[in-house]
Amino acid sequence: MSSVSARKGGRMGTVRERTNRFLLQRFDRLSYGITVGVLISGVAGCSGMSDSSGGFIPKTISPISDIVGLPLPTTGNPFPFPLPTACLSLGSMMSWDLAKEGLAFKTEEATVESALDRVNTAARIIEIGGLIMKTLPIAAGSAWPKQGDSSVPLTEEGKLRNMLQQDPAHYGRNTQLTSALKLKAMYLQTIFFARYPDLFALRKIGVANPTEDEVQALQRRVLGENSSPIFTKVFYRFLKYNPAFEPKPELFMGKLDGKASEVYTSLPDAVESLAENKHEIKLLREAVLQAEEKKAKEYRDILDLEQRIKQLEAAEFGNPSTADEAAQASNRDTNAGQVEELKQQLAVQKNEFETTVAAYKQEIEKLGLELAKIKTQPIVFNPEQQALAKNIQTAVNAVKGTMCQSQLLLAIAGYHFKEAGPNWQREVQSILRQAGPGAPERIKQITLNIAILPANLSVLTTESGVLEKEVKAYDGLFASRIAVEAGGDGTSNDGSGMMRSLGGLLK
């Protein structure tokens, strides 16, 4: 080898070494031990931890408290922990989803990367469950409830795996081992929305009060000119709470036996239309909406305050690149004092927020008591009303599925963290060796998942609890007048069929 070639090779080696060191240092600064501790404690339903930056680490992850020592057949459960109770009342469609997740779990190596990925997916699935429960329009002829309560078709699954294969963050990874429930989350987004954020994108809560022009512009983009003004309510809610999503036009239509059926602006609106006690339900729903608005405002204030704290900390400890940042960094004592004051204010606001969330859940429970009267009302449904009632229950079943999926993903994530956490440095080195040019993208994705972990845990703590209350309020209201099996395939929903299916598929 010539001296020039040797020098060139030496320089290349030095660059690679410097890159590897940088990636490891960047990962190391993310206080990995805290991340592992939070997830393990959360999955166990124990007290949470506070992170060093004042990030929002909730005290408990309430849905995971359901993961208890249930008497499950060992041949039917592929996981080294009991299945969440939310999964035990679902039909065979859900058992197929769980079976595929079990296959992925049994064949993949426990890694920090997969654990973080599952936490992120769990938060996104809860988000979709909330959209189904409160925001998507529904009709007797709607096709989406059955789609949402079904497993991913094999053709669609293949397309989704191909999409992942093109993602730089998946370089060097076998997409056949991808979490089946991650594919389910991706599938649900594709059937409901024409535009939706990446699963890893940090969510925005939207504007406090969308303007009439903003609402009309979105409605025209989705439904065209001269669409019904009753749908203004749907687009207002999208802009207020889920601005990154744009619903598909077909959600706003539905034919039953070849004829157009009436479309309601949300599942709760549809339920109210089938009730005798409409006035009482309407009043209680208004109280729920007011409590929801208060919760959203306080959460928005918390996010704003957290962002302010991060900006001050970046100016104090970061590398200033502008004159303003340099001026801020020059007075570190002032910044440190202000950060401490803001963190104290943040702690107060978080306590108030927990109280607000509890009050919101109480309003939902009051509504649930009034809704329960529907179960004994003697109204005889016409064919369209009966079809609407079936679609309502199928949609509720789909939401119950998202709760099961989210809880299971968190349980797997906690197990993987426990197994892989102590060897995270070795895992990063392995990624750098195997992934080639895709290594920086994979490390970047891991970094992002850790960065948004507090926000994800906040969603899983607050929204999961709220969703659980909502499902309880709306589940089984028309059971005496319709026949809808969980999973939509006429199988038993007592849990036994699911356990037998799991046992057979995963032997």
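Computed from a predicted model, the values in this text were never measured in an experiment.

A word on the pattern of salt bridges. On inspection of all chains with the given rule, the structure shows 27 salt bridges. Of the charged contacts, one joins lysine 469 and glutamate 365 as a salt bridge, the two residues approaching to 2.4 Å between their closest N and O atoms. In this pair, lysine 469 is assigned in helix α17 (residues 453–474) and glutamate 365 in helix α13 (residues 332–371), connecting sequence segments 104 residues apart. Taken together, the shared-partner salt bridges connect Lys233, Asp269, Glu272 and Arg285 into one network.

All right, on to the confidence of the model for the chain then. Within the chain, residue pLDDT values average 78, and 73% of them lie at 70 or more. Confidence drops under pLDDT 50 across residues 1–13; counting only partners more than four residues distant or on other chains, this segment forms one contact. Segment residues 29–75: pLDDT under 50, and 97 contacts once partners within four positions in sequence are set aside and those in other chains are kept.

Once that is clear, we can look at the packing of helix α15 (residues 424–434) against helix α16 (residues 439–451). One can describe the packing of α15 onto α16 by two numbers: an axis separation of 8 Å at closest approach and a directional angle of 145 degrees. Every residue of α16 that contacts α15 at Val428, Ile431 and Leu432 is listed here: Ala439, Arg442, Ile443 and Ile446. Classifying every residue of the contact of α15 with α16 by side-chain character gives six nonpolar, no polar and one charged.

Here helix α8 (residues 212–223) spans 16 Å end to end across 12 residues, near enough to the 16 Å set by a 1.5 Å rise per residue. Packing partners of the buried residues in α8 comprise α9 (232–241) and β3 (246–247). At the exit of α8 stands glycine 224, carrying a positive phi of roughly 85 degrees.

All right, on to the state of the cysteines then. One pass over the full model with this rule turns up one disulfide. With a sulfur-sulfur separation of 2.0 Å, cysteine 87 is cross-linked through a disulfide to cysteine 404. Of note, the bridge from cysteine 87 to cysteine 404 carries an S-S torsion of about 100 degrees and is right-handed in sense. Of this pair, cysteine 87 sits in the loop between α2 (32–43) and α3 (92–107) while cysteine 404 sits in helix α14 (residues 383–420), and the two are 317 residues apart along the sequence. In this pair, the class of cysteine 87 matches that of cysteine 404, namely buried.

Attention shifts here to the environment of alanine 122. Checked against the element boundaries, alanine 122 lands in helix α4 (residues 112–134). We classify alanine 122 as buried; its relative accessible area is 0%. When the C-alpha positions of alanine 122 and methionine 403 are compared, they lie 8.8 Å apart, and in sequence the two are 281 residues distant. The contact partners of alanine 122, leaving out residues within four places of it in the chain, are Ser406, Leu409, Leu410 and Leu460.

What follows covers the nonpolar core. Formed by 102 residues in total, the largest nonpolar core has its most connected members in Ile132, Phe192, Val271, Leu371, Ile392, Tyr474 and Phe478. Looking at which element gives the most residues to this core, the answer is α14, with 18 residues. If we ignore the near neighbours within four places in the chain, the residues touching isoleucine 132 are Trp144, Phe192, Leu267, Ala395, Ala398 and Val399. Residues Ile302, Val339, Leu342 and Phe353 belong to the second largest nonpolar core, which totals 10 residues.

Following the sequence through the fold, serine 273 ends up in helix α10 (residues 267–273). Contact partners of serine 273, with chain neighbours within four places excluded, come to Tyr264, Lys278 and Leu388.

Attention shifts here to unusual backbone geometry. Not every positive phi belongs to a glycine, and asparagine 226 is a case in point at roughly 65 degrees. Of the residues examined, asparagine 226 reaches a relative accessible area of 79% and is grouped as exposed. Even without glycine at this site, aspartate 257 takes up a positive phi of about 55 degrees. For aspartate 257, the location among the structural elements is in the loop between β4 (255–256) and β5 (259–260). By relative accessible area, which is 75% here, aspartate 257 ends up exposed.

Once that is clear, we can look at α9. α9 sits mainly inside the fold: seven of its 10 residues count as buried. Within α9, burial applies to Val234, Phe235, Arg237, Phe238, Leu239, Lys240 and Tyr241.

Turning our eyes to something else, we now look at the environment of isoleucine 309. Note that isoleucine 309 resides in helix α11 (residues 278–317). Along the primary structure isoleucine 309 and glutamine 338 are separated by 29 residues, whereas in three dimensions their C-alpha atoms are 8.6 Å apart. Those residues in contact with isoleucine 309 that lie beyond four places of it in its chain are Val339, Leu342, Lys343 and Leu346.

Position of serine 261 among the secondary structure elements: in the loop between β5 and β6 (263–264). Look at serine 261 and you get buried, because its relative accessible area is 8%. At 3.0 Å, the side chain of serine 261 forms a polar contact with the backbone nitrogen of glycine 141. Once residues lying within four places of it in the same chain are set aside, the contact partners of serine 261 are Ala139, Ala140, Gly141, Gly254, Lys255, Leu256 and Glu384.

This next bit is on the packing of aromatic side chains. Inspection of the entire model under this criterion finds 10 aromatic pairs. Here phenylalanine 192 and phenylalanine 193 contribute two aromatic rings whose centre-to-centre distance is 5.9 Å and whose plane-to-plane angle is 75 degrees, an arrangement assigned as edge-to-face. Classification of phenylalanine 192 by relative accessible area gives buried; the value is 0%. With centroids separated by 5.1 Å and ring planes inclined at 75 degrees, the aromatic side chains of phenylalanine 231 and phenylalanine 252 adopt a geometry described as edge-to-face. Separated by 21 residues along the polypeptide, phenylalanine 231 in the loop between α8 and α9 and phenylalanine 252 in the loop between β3 and β4 bring together distant segments of the chain. Each member of the pair, phenylalanine 231 together with phenylalanine 252, is buried.

Criteria and cut-off values
- Residues numbered from 1 in each chain as written.
- Predicted model: local features only at pLDDT ≥ 70, side-chain atom pairs only at ≥ 80, totals over all residues.
- Heavy atoms only, no water.
- Salt bridge = Lys/Arg side-chain N within 4 Å of Asp/Glu carboxyl O.
- Helix = DSSP H or I, 4+ residues; strand = E, 2+ residues; numbered from the N terminus.
- pLDDT = per-residue confidence, 0-100.
- Contact = heavy atoms within 4.5 Å.
- Axes fitted to C-alpha atoms, helices over the stretch in contact; angles between N-to-C directions.
- Nonpolar A, V, L, I, M, F, W, Y, C, P; charged D, E, K, R; others polar.
- Expected span 1.5 Å × (residues − 1).
- Disulfide = S-S within 2.5 Å.
- Buried < 20%, exposed > 50% of the residue type's maximum accessible area, 1.4 Å probe, protein only.
- Core = buried A, V, L, I, M, F, W, Y, C linked by side-chain atoms within 4.5 Å.
- Polar contact = N/O pair within 3.5 Å; in protein donor to acceptor, adjacent residues only side chain to side chain.
- Phe/Tyr/Trp six-rings, centres within 6.5 Å; stacked < 30°, edge-to-face > 60°.

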